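Each chain, written out:
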Amino acid sequence: MFHHVQHYAGDPIFAIVDAFNADLRPHKVNLSIGIYFDEQGRLPVLPSVLAAEQRILAEGGAKPYLPMEGDAAARREVQALLLGAGHPAIAANRVATIQTVGSSGGLKVGADFLRTWLPGSAVWVSDPTWDNHRSMFEGSGFEVNSYPYHDMSTGGVAFDAMLTTLRGLPACSIVLLHACCHNPTGVDLTPAQWDALLPVLRERNLLPYLDLAYQGFGEGIAEDAYAVRALADAGITFFVANSFSKSMSVYGERCGALTAVCADAAEAALVMGQLRFTVRRLYSSPGLHAAKIVSHVLGDADLRPMWELELAAMRERIAAMRRMLHQRLSALLPGRDVGYFLSQRGMFSYTGLSATQVDRLRDEHAVYLLRSGRICVAGLNTGNVERTAEAMAAVLAG
């Protein structure tokens, strides 16, 4: 019956991880998958999360199904985290938030919702973007196109070309935007560029769909939510999918949310109802434990400041690795501009390495990264950053 099923070659990122795990060289370095590792190369368990889980266990009690939209306390905390406590949009009840199975679940729920209610729209993603963005929206039946984003010649954003493309899009086009810590480039829009983008989104009647998987890893919790809050303040209708996988180091718990900021309370109620129905058709309801982690960590007067300090420490360690890599590469390759390592933000950086150079890094130096040249800076530590810089310098020098 299934002889006609096409072979799935697997996800390229997980294939690199498999190859890394099979590599017996003791000096190997994994800079491929987007996971935060600590100075010892371990996946950390945050004390704030551990304390929250201890409280959850102490509370005990039954484990019922959550509503389709998820836990009410967790959803309230997500809205405050994204928009700021007491934001007028929240007070006006024009914000609809559902708990989702990670931000990937949020993206998928939103994609299915939009395919039903904006069936004539197409989706536009940045060039480049996270590979799964395209496949998720195509899987929901959308035509997916790209707009200019990364300027290889400058290492920054091709902002003029981006605006020109967006100005030419049909009304109700869905524009996927990275709110901060762009994956894969690490190149973000500045606040001034976001401010210049808002009138284009409004005048062309475009629907921004923000992916916010790394809040707190760029400049700070509030700073990384600049785009979310600017869009809400401007009265623009938009979606945002956010995740706690990285910021709370709870990858396997699948803690995420999808939020729609609407024109008014009546519209938000309609959107909320159909988001609930979309969840019912997909996975019925989200996880209880994930909701309790989020609500405890964000809503507790003791755990919240503890978590914010832990998140700041992760952010600062990544920044320190960027500085060390930049310093060593600058010394090894005098005359070559590698300043983009300092201007890029978050867990990822585009190195400028070609696919052939990436292959050499893997084969000759046991340094693993994506063939696009993207590295996960959080995979660096003081024990491997110099060796990594030397390997990169060797392949860049030819």
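Look above for the structure.
Worth saying up front: this structure is predicted, and the values here are computed from it rather than measured. (Residues numbered from 1 in each chain as written. Predicted model: local features only at pLDDT ≥ 70, side-chain atom pairs only at ≥ 80, totals over all residues. Heavy atoms only, no water.)

1. Examining the environment of Asp-131
Relative to the helices and strands, Asp-131 is located in helix H6 (residues 131–139). Linking Asp-131 and Ile-13, residues 118 residues apart in sequence, is a C-alpha distance of 9.9 Å. (Helix = DSSP H or I, 4+ residues; strand = E, 2+ residues; numbered from the N terminus.)

2. A closer look at the environment of Asp-233
Inspection of the secondary structure assignment puts Asp-233 in helix H10 (residues 226–233). Sequence separation between Asp-233 and Ile-293 is 60 residues, and the spatial gap between their C-alpha atoms is 29 Å.

3. Description of the pattern of salt bridges
Summed over all chains, the structure comprises 17 salt bridges. A salt bridge links Glu-39 to Arg-317, with the nearest nitrogen and oxygen atoms 3.6 Å apart. Of this pair, Glu-39 sits in the loop between strand E1 (29–30) and helix H2 (47–59) while Arg-317 sits in helix H13 (residues 303–332); the two residues are 278 residues apart in sequence, bridging distant segments of the chain. For Arg-317, a relative accessible area of 11% puts it in the buried group. Across the pair Arg-360 and Glu-364 runs a salt bridge whose closest N-O atoms are separated by 3.0 Å. In this pair, Arg-360 and Glu-364 both sit in helix H15 (residues 355–365), 4 residues apart, roughly one turn of the helix. Judged by its relative accessible area of 26%, Arg-360 is partly exposed. Take Glu-364: its relative accessible area is 45%, and that puts it in the partly exposed class. Each of Asp-188, Glu-219, Asp-224 and Arg-345 takes part in a single network of salt bridges with overlapping partners. (Salt bridge = Lys/Arg side-chain N within 4 Å of Asp/Glu carboxyl O. Buried < 20%, exposed > 50% of the residue type's maximum accessible area, 1.4 Å probe, protein only.)

4. What to know about empty space enclosed by the protein
Going through the model one piece at a time under the given rule, you end up with 3 cavities of 30 Å³ or more. Taken as a whole, the largest cavity encloses approximately 50 Å³ of empty space. Lining the largest cavity are Ala-74, Arg-75, Val-78, Gln-99, Thr-100, Phe-244, Cys-255, Gly-256, Ala-257, Ala-290, Ala-291 and Val-294. Where the lining of the largest cavity is concerned, the elements lending two or more residues are helix H3 (72–83), strand E2 (95–101), strand E10 (255–261) and helix H12 (288–299). In terms of residue class, the lining of the largest cavity is built from 8 nonpolar, 3 polar and 1 charged. Considering only enclosed or pocket space, the second largest cavity measures out at about 40 Å³ in volume. Every residue lining the second largest cavity is listed: Leu-81, Leu-212, Gln-215, Asn-242, Ser-243, Phe-244, Ser-247 and Trp-307. Its residues assigned to classes, the lining of the second largest cavity shows 4 nonpolar, 4 polar and no charged. (1 Å grid on protein atoms, 1.4 Å probe; cavity = no way out; pocket = protein on both sides within 12 Å on 5 of 7 lines; lining within 4 Å. Points joined across faces, edges and corners; volume = space filled by probe spheres on them. Nonpolar A, V, L, I, M, F, W, Y, C, P; charged D, E, K, R; others polar.)

5. Concerning the side chain of Asp-38
Among the structural elements, Asp-38 can be located in the loop between E1 and H2. Since its relative accessible area comes to 13%, Asp-38 is described here as buried. Among the polar contacts made by the side chain of Asp-38, one reaches the main-chain amide nitrogen of Gln-40 at a distance of 3.0 Å. (Polar contact = N/O pair within 3.5 Å; in protein donor to acceptor, adjacent residues only side chain to side chain.)

6. Quick notes on the sheet that holds strand E4 (residues 144–148)
Read across the sheet, 7 strands follow the order E2-E10-E9-E8-E7-E3-E4 without closing on themselves; strand pairing throughout is mixed. In the strand order of this sheet, the two ends are held by E2 and E4, each with one partner. Direction aside, the axes of adjacent strands within the sheet are offset by 25 degrees on average. Both strand E3 (residues 123–127) and strand E7 (residues 174–178) contribute to a ladder of 2 bridges, which runs parallel. Bridge pairing in E7 links Val-123 to Ile-174. Running over the sheet, H3 touches E2, strand E8 (207–212), strand E9 (238–243) and E10 and is turned about 110 degrees from E2. (Pairing = 2+ DSSP bridges. Axes fitted to C-alpha atoms, helices over the stretch in contact; angles between N-to-C directions. Contact = heavy atoms within 4.5 Å.)

7. Regarding the layout of surface pockets
Over the atoms rolls a probe the size of a water molecule, and in doing so it shows where empty space is left. In this structure, the largest pocket occupies an estimated 640 Å³ of space. As for the largest pocket, its lining consists of 30 residues, of which Gly-34, Ser-104, Trp-130, Tyr-214 and Lys-246 are closest to the centre. For the lining of the largest pocket, the secondary-structure elements that each account for two or more residues are helix H1 (12–22), helix H5 (102–117) and H6. Looking at the lining of the largest pocket element by element, the count peaks at 4 residues for H6. In terms of residue class, the lining of the largest pocket is made up of 13 nonpolar, 11 polar and 6 charged.

8. Observations concerning the pairing of E8
Extensive coverage of E8 is indicated by the burial of 6 of its 6 residues. Note that E7 and E8 share 5 bridges and pair parallel. In the strand pairing of E8, Ile-174 is matched with Leu-207. Once you follow E7 into helix H8 (residues 191–203) and on to E8, the crossover reads as right-handed. (Right-handed = clockwise from strand over helix to strand, strands pointing away.)

9. Things to note about a nonpolar patch on the surface
Taken together, the side chains of Met-1, Phe-2 and Val-5 define a hydrophobic patch exposed on the protein surface, amounting to about 420 Å² of accessible area. With relative accessibility at 52%, the residue Val-5 sits in the exposed group. (Patch = residues over 30% accessible without salt bridge, like charges linked within 9 Å, V, L, I, M, F, W, Y side chains within 5 Å. Areas by Shrake-Rupley, 256 points an atom, 1.4 Å probe, with all protein chains shown as cover.)

10. Side note on the side chain of His-133
Among the secondary structure elements, His-133 is positioned in helix H6. Here Thr-129 takes part through its side chain, which lies 2.8 Å from a polar atom of the side chain of His-133. Those residues within four positions of His-133 in sequence are excluded, and the remaining contacts are Leu-107, Val-125, Leu-176, His-178 and Asp-211.

11. Regarding H10
Listing the buried residues of H10 in full gives Ala-227, Val-228, Ala-230, Leu-231 and Ala-232. Elements in contact with the buried residues of H10: H3, H8, E8, E9 and E10. Taken from the residues just after H10, Gly-235 is the one with a positive phi, measuring 75 degrees.

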